[in-house]
Amino acid sequence: MNGHLGIGMTSQRTRDRLIQQLQKLGIKDQRVLDVMRQIPRHLFVAEALASRAYENNSLPIGQGQTISQPYMVARMTELLIEDGMPENVLEVGTGSGYQSAVLANLIPRVFSVERIRPLQEKAKIVLSDIGIRNISFKHSDGGWGWKACGPYQGILAAAAPAEIPVNLLEQLEIGAKLVIPIGVEGQQVLQRVTRTESAYEVETIEPVSFVPFLKGRA
Ligand code: SAH
C-alpha cells in the first residue's frame, strides 16, 4: 500500500473513527472494540475498495458475496461471548475472512466453513499474511456443520437460512450459543440460540440483512 491511501483512508485515525461509530450504535464489549480497532479491514477487500473499508458498510468481495458490515460483525461477536469466552467456535461462511480474524483474536480455536472455494483460498492467504494461525478451514456446506471438530462452545453463521439448521444445533455444547440470521431476503432477524440441558432457548435480537445460506459447494 503506498501513496495517500496508506497514510489516509486506512490510517489508525480512520479505524478509530469506525470504532467510535460502533460505540454510538450500541456496541459495548471492550474486547470486541479493541480487536476491531487493530484488524486491518482494508486487506480483506479489493484494493479499489480499500478507501471505503472503514465505513460501517458491507462491501462486495466477488462471487456475489459481501464482507459483513462492521456493526454486524461486532454485534454478533458480542452476543457470542457475552456470557463467557468460548474455547472453540464454528463459523459458517468464511467469506473474506474478516469475521474469522475478529473471532481468532478472541477465541483460542476457530473452525471456519465456506462453500465457495475461491473465497476460502483468498481468505486463507490474508489471514496467514496478518499472522493468524488458530483457524482451521473446511470447504463444505455449513449446513452440515463440522462434526469431527465439535461440539462447539459457540457457533456463528454469516448467511441466512430459512430455518435453523439442525446439524448446527446438535453440534452445540450444553450452555453454548448459536448466533445466526434467519429468514428470507427482506425479512431476516438475528437470533441467538442457547442450548440448555433439555431445550434450545431462542432470543430474537434485531432485523438484519444477510446473503442467503445456500446448499452445496461451489
Ligand atoms: N463474515 C464474512 C461474511 C461473508 S458473506 C465476511 O465478513 O466476509 C457470507 C458467506 O457465507 C459467503 O461467503 C457465502 O459463500 C457463505 N455461505 C453461504 N451459505 C453457506 C453454506 N451453506 N455453507 C458455507 N458457507 C456459506
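For the structure, check the block above.
Residues numbered from 1 in each chain as written. Predicted model: local features only at pLDDT ≥ 70, side-chain atom pairs only at ≥ 80, totals over all residues. Heavy atoms only, no water.

1. Looking at the sheet that holds strand E6 (residues 152–157)
And then number 1: One open sheet accounts for seven strands, arranged E5-E4-E3-E6-E7-E8-E9; its pairing is mixed. The open sheet has two free edges, formed respectively by strand E5 (135–139) and strand E9 (200–208), since each of these has just one partner strand. Direction aside, the axes of adjacent strands within the sheet are offset by 15° on average.
And then number 2: Taken together, the six bridges between strand E7 (residues 172–182) and strand E8 (residues 188–195) define a ladder with antiparallel strand orientation. By the bridge assignment, Lys177 is partnered in E8 with Thr194.
And then number 3: Where helix H6 (residues 117–129) meets the sheet, it contacts strand E4 (109–114) and E5, and its direction lies at approximately 165° from that of E5. (Pairing = 2+ DSSP bridges. Helix = DSSP H or I, 4+ residues; strand = E, 2+ residues; numbered from the N terminus. Axes fitted to C-alpha atoms, helices over the stretch in contact; angles between N-to-C directions. Contact = heavy atoms within 4.5 Å.)

2. Section: the pairing of E9
And then number 1: Note that E8 and E9 share eight bridges and pair antiparallel. Bridge pairing in E9 places Val189 opposite Pro207.

3. Considering unusual backbone geometry
And then number 1: A cis amide bond, omega 0°, links Gly150 with the succeeding residue Pro151.
And then number 2: Structurally, Pro151 is set in the loop between E5 and E6.
And then number 3: A positive phi angle, near 60°, is found at Gln63, a position not held by glycine.
And then number 4: Among the secondary structure elements, Gln63 is positioned in the loop between strand E1 (59–62) and strand E2 (65–67).
And then number 5: Classification of Gln63 as partly exposed rests on a relative accessible area of 49%. (Buried < 20%, exposed > 50% of the residue type's maximum accessible area, 1.4 Å probe, protein only.)

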